[in-house]
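Per-entry structural report
One-letter residues, chain by chain:
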Amino acid sequence: MKHRQIDDHLSTQIRRKAISSRLRKMALSAQQIPRWFNSAKLRSLINAAQLTKCFTRPGRTLLHGFSAQPQISSDNCFLQWGFKTYKTSSLWNSSQSTSSSSQENNSTQSSLLPSMNEQSQKTQKIPSFDSELFLEELDELPPLSPMQPISEEEAIQIIADPPLPPASFTLRDYVDHSETLQKLVLLGVDLSKIEKHAEAANLLLRLDFEKDIKQMLLFLKDVGIEDNQLGAFLTKNHAIFSEDLENLKIRVAYLLSKNFSKADVAQMVRKAPFLLNFSVERLDNRLGFFQKELELSVKKTRDLVVRLPRLLTGSLEPVKENMKVYRLELGFKHNEIQHMITRIPKMLTANKRKLTETFDFVHNVMSIPHHIIVKFPQVFNTRLFKIKERHLFLTYLGRAQYDPAKPNYISLDKLVSIPDEIFCEEIAKASVQDFDKFLKTL
């Protein structure tokens, strides 16, 4: 009876140990399955990386620290891909392990885990982790979200362009973003002057160099503007970009039809950059005004505007006012006015006060009559203080003689046009030092 009870007891203990051992093995197997699974996936990743040599998905960049070969140690194995790190437990225990405990567990685990060669063979047999299939899965991955957090090391490597300002008081903030502005600067255009005009600055920002500006530059070169003159021209007349190119060609054709030579047109456009901005009707009216008002011939009218083309672009009020001044206040006859303005066209646009002060000193102080002034109208184009200084010095020396009928005659032309050295040597018969000493006494 006792033997039977003992046998039953032993049988029970044996069954319990068998069940416990079986459960322990099942637990260990359950623990090893994900490890083996991850290990297989890991090796597939390695093979895929080696096959594609750092394969990169279009539109995405592998992060810093990516390595195609995993770092295998006695305890763990790592592979960094994107933001994730895959980690596996040890696939085998080192034969030189210093740990002496849990020998039974180690032996059990080593019997459950496959060897490296076996694992490699099993991994290669798993079709779901084939390298080609895995690369296809990578292509199907969704793009990184802009809200996805990144590490500080990755953030430091990001190089962002400076943002384009929505509004600015200077075109300098847009040069780096605008090919049009960059090429205009290379041509010599001064953007600091254009940006003072908000409408012109906004226009340049909207223009495309190839579509809107290139043809305009070719047209200006055909007119006669040299390459080294384009920058200065466009700085002054930036509004020409708002003109229709065909209209500009029509205006040039009109001037040529009025017997202005191509060289004349080029000279006029260089001296008066806004000339071509005016319509044919305005140009025709201006030419008619000067021919009628001054009673000039067609040739003299043409010569007049070639020498001073801003007569066609500026206001007519100063011209009308000066014509009254010459005739009513200064007492010149109509033919005398014609002669003077054809010699010195600037007399038509000169400052009224300067004209009257110069005439008063030359006529009333120097006692020079009208008919002599008419012969030397450049006196109106000379600074008044220069005329005063030289006249007073000649008076001091007793040589201020302006009557052509008397000896030692001094013409107004020589008085106002020659340099100080020649004036002192040929006219005053004195040294420049004497002239400077005299000027200090004034």
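Residues numbered from 1 in each chain as written. Predicted model: local features only at pLDDT ≥ 70, side-chain atom pairs only at ≥ 80, totals over all residues. Heavy atoms only, no water.

This is how the line gets drawn: UniProt positions are given in the numbering used here, feature names are shortened, and annotations may be inferred rather than shown by experiment.
The name that an unreviewed UniProt entry assigns to the chain is Transcription termination factor 3, mitochondrial, with the source organism given as Papio anubis. Quoted straight from UniProt, the Subcellular location (unreviewed entry) entry for the chain says "Mitochondrion". Turning to the chain, the UniProt annotation filed under Sequence similarities (unreviewed entry) states: "Belongs to the mTERF family."

Focus on the overall build of the chain
Filter applied, for reference: Helix and strand definitions here come from DSSP, where helices need a minimum of 4 consecutive H or I residues and strands a minimum of 2 consecutive E residues; each element is numbered from the N-terminal end. Relative accessible area decides the class of each residue, using a 1.4 Å probe on protein chains only: under 20% of the type maximum gives buried, over 50% gives exposed, and in between gives partly exposed. Only heavy atoms enter the contact rule, under which two residues are in contact if any of them lie within 4.5 Å. Per-residue and other accessible areas were derived by the Shrake-Rupley procedure at a 1.4 Å probe size, with only the shown protein chains allowed to occlude residues.
A tally of helices and strands in the chain yields 22 helices and 3 strands. The 442 residues of the chain split such that 34% are buried. Restricting the contact set of the chain to residue pairs at least 6 apart, pairs at least 24 apart contribute 66%. As presented, the chain carries roughly 28300 Å² of accessible surface, and 52% of it is formed by carbon and sulfur atoms.

Observations concerning unusual backbone geometry
One non-glycine residue, Ser-367, lies in the positive phi region at around 60 degrees. Take Ser-367: it is sitting in the loop between α17 (352-365) and α18 (370-375).

Focus on the environment of Phe-209
On the secondary structure map, Phe-209 appears in helix α9 (residues 209-223). Residues Phe-209 and Glu-179, 30 residues apart in the sequence, show an inter-C-alpha distance of 7.3 Å. With residues up to four places along the chain from it excluded, the contact list for Phe-209 reads Thr-180, Lys-183, Lys-214 and Leu-217.

Here's the deal with the pattern of salt bridges
This is how the line gets drawn: What makes a salt bridge here is a side-chain nitrogen of Lys or Arg within 4 Å of a carboxyl oxygen of Asp or Glu, nothing more.
Following the criterion strictly, the structure yields 12 salt bridges and no others. Between Glu-210 and Lys-214 there is a salt bridge, and its shortest N-O distance comes to 3.7 Å. Of this pair, Glu-210 and Lys-214 both sit in helix α9, 4 residues apart, roughly one helical turn. For Lys-214, a relative accessible area of 37% gives the class partly exposed. Ionic contacts of the salt-bridge type, sharing partners, join the residues Glu-179, Lys-183, Glu-210 and Lys-214 into one network.

A few points about the confidence of the model for the chain
Regions with low pLDDT carry predicted coordinates that are not meant to be interpreted in detail. Note the threshold: The predictor's confidence in any single residue is recorded as pLDDT, a number from 0 to 100.
Looking at the chain, pLDDT values average 74 and 62% of them are 70 or higher. Across residues 27-135, confidence stays below pLDDT 50; counting only partners more than four residues off in sequence or on other chains, it has 118 contacts.

Examining the nonpolar core
The criterion, for reference: Side-chain atoms within 4.5 Å are what join buried Ala, Val, Leu, Ile, Met, Phe, Trp, Tyr and Cys residues into a set we call a nonpolar core.
With 48 residues, the main nonpolar core has Phe-332, Leu-348, Met-366, Phe-380 and Phe-423 as its most contacted residues. Apart from the residues within four sequence positions on either side, Phe-423 is in contact with Arg-390, Phe-393, Leu-394, Leu-415, Ile-418, Ala-428 and Phe-435. Counting residues in hydrophobic clusters, the runner-up holds 40 residues, among them Leu-207, Leu-230, Tyr-254 and Val-306.

Describing helix α12 (residues 262-271)
The criterion, for reference: As used here, the arc belongs to the directions running from the helix axis to the C-beta atoms.
Inspection of α12 places Val-265, Ala-266, Met-268 and Val-269 among the buried residues, and these make up the whole buried set. Taken end-on, α12 shows its buried residues confined to a sector of 165 degrees, consistent with a single buried face. As for α12, its buried residues are in contact with α9, α10 (230-236), α11 (245-257) and α14 (298-307).

Notes on the packing of aromatic side chains
The test is simple: Under the pairing criterion, centres of Phe, Tyr and Trp rings, with the six-membered ring standing for Trp, must be within 6.5 Å; the plane angle then separates stacked pairs below 30 degrees from edge-to-face pairs above 60, leaving the rest tilted. For a ring to carry a charge above it, either NZ of a lysine or CZ of an arginine must fall within 6 Å of the ring centroid while also lying within 35 degrees of the normal to the ring plane.
With the rule as written, the count across this model stands at 8 aromatic pairs. When the ring of Phe-289 is compared with that of Phe-290, the centres are 5.2 Å apart and the planes differ by 75 degrees; the resulting orientation is edge-to-face. Measuring from ring centre to ring centre gives 5.6 Å for Phe-332 and Phe-359, while their planes differ by 70 degrees; the resulting arrangement is edge-to-face. Of this pair, Phe-332 sits in the loop between α15 (317-329) and α16 (334-343) while Phe-359 is found in helix α17, placing the two residues 27 residues apart along the sequence. No difference in accessibility class separates Phe-332 from Phe-359, as the two residues are buried. What links up through ring pairs into an aromatic cluster is the set Phe-393, Tyr-396, Phe-423, Phe-435 and Phe-438. Sitting over the face of the ring of Phe-423, Arg-390 holds its NZ or CZ atom 4.7 Å from the ring centroid.

Observations concerning the environment of Arg-282
Stated formally: N or O atoms within 3.5 Å of each other form a polar contact, as long as, within protein, one can give a hydrogen and the other can take it, and as long as residues adjacent in sequence are counted only when both atoms are side-chain atoms.
Position of Arg-282 among the secondary structure elements: in helix α13 (residues 280-293). Arg-282 gets classed as partly exposed once you look at its relative accessible area, which sits at 26%. C-alpha of Arg-282 to C-alpha of Leu-312: the two residues are 30 residues apart in sequence and 8.2 Å apart in space. If we ignore the near neighbours within four places in the chain, the residues touching Arg-282 are Leu-312, Thr-313 and Gly-314. Engagement of the side chain of Arg-282 in a polar contact is seen with the backbone oxygen of Thr-313, the distance being 3.1 Å.

Notes on the side chain of Ser-411
Along the chain, Ser-411 falls in the loop between α19 (384-397) and α20 (412-417). Within the local environment of Ser-411, its side chain forms a polar contact with the backbone nitrogen of Lys-414, the two atoms lying 3.3 Å apart.

Some words on the environment of Ala-266
With respect to the secondary-structure elements, Ala-266 resides in helix α12. Residues Ala-266 and Ile-225 lie 41 residues apart in sequence; the distance between their C-alpha atoms is 6.7 Å. With residues near it in sequence (within four places) discarded, Ala-266 still touches Val-223 and Gly-224.

Observations regarding the side chain of Arg-302
Put simply, the rule is: In summary, the charge assignment counts Lys and Arg as positive and Asp and Glu as negative, without counting His or the chain termini.
Residue placement: Arg-302 occurs in helix α14. One buried charged residue, Arg-302, forms no salt bridge at all, with the nearest opposite charge on Asp-303 at 5.1 Å. Residues in contact with Arg-302, not counting those within four places in the same chain, are Lys-258, Asn-259 and Phe-260.

Thoughts on the packing of α13 against α14
Basically, it comes down to this: For helices, the fitted line uses only the C-alpha atoms of the stretch in contact; every axis is such a line through C-alpha atoms, and the angle between N-to-C directions lies from 0 to 180 degrees. Should an angle lie under 35 degrees it is considered roughly parallel, over 145 roughly antiparallel, and from 65 to 115 roughly perpendicular; all remaining angles are considered oblique. Left-handed describes a crossing in which the near helix is turned anticlockwise from the far one by less than a right angle; the clockwise case is right-handed. The residue classification treats Ala, Val, Leu, Ile, Met, Phe, Trp, Tyr, Cys and Pro as nonpolar and Asp, Glu, Lys and Arg as charged. All others, Gly included, are polar.
α14 packs onto α13 with a crossing angle of 120 degrees between their chain directions and a minimal axis gap of 10 Å. For the element pair α13 / α14, the angle class is oblique. Considering the relative orientation of α13 and α14, their crossing is right-handed. Side by side, α13 and α14 meet where Leu-287, Phe-290 and Gln-291 of the first sit next to Val-298, Thr-301 and Val-305 of the second. A class-by-class count of the residues in the contact of α13 with α14 yields 4 nonpolar, 2 polar and no charged.

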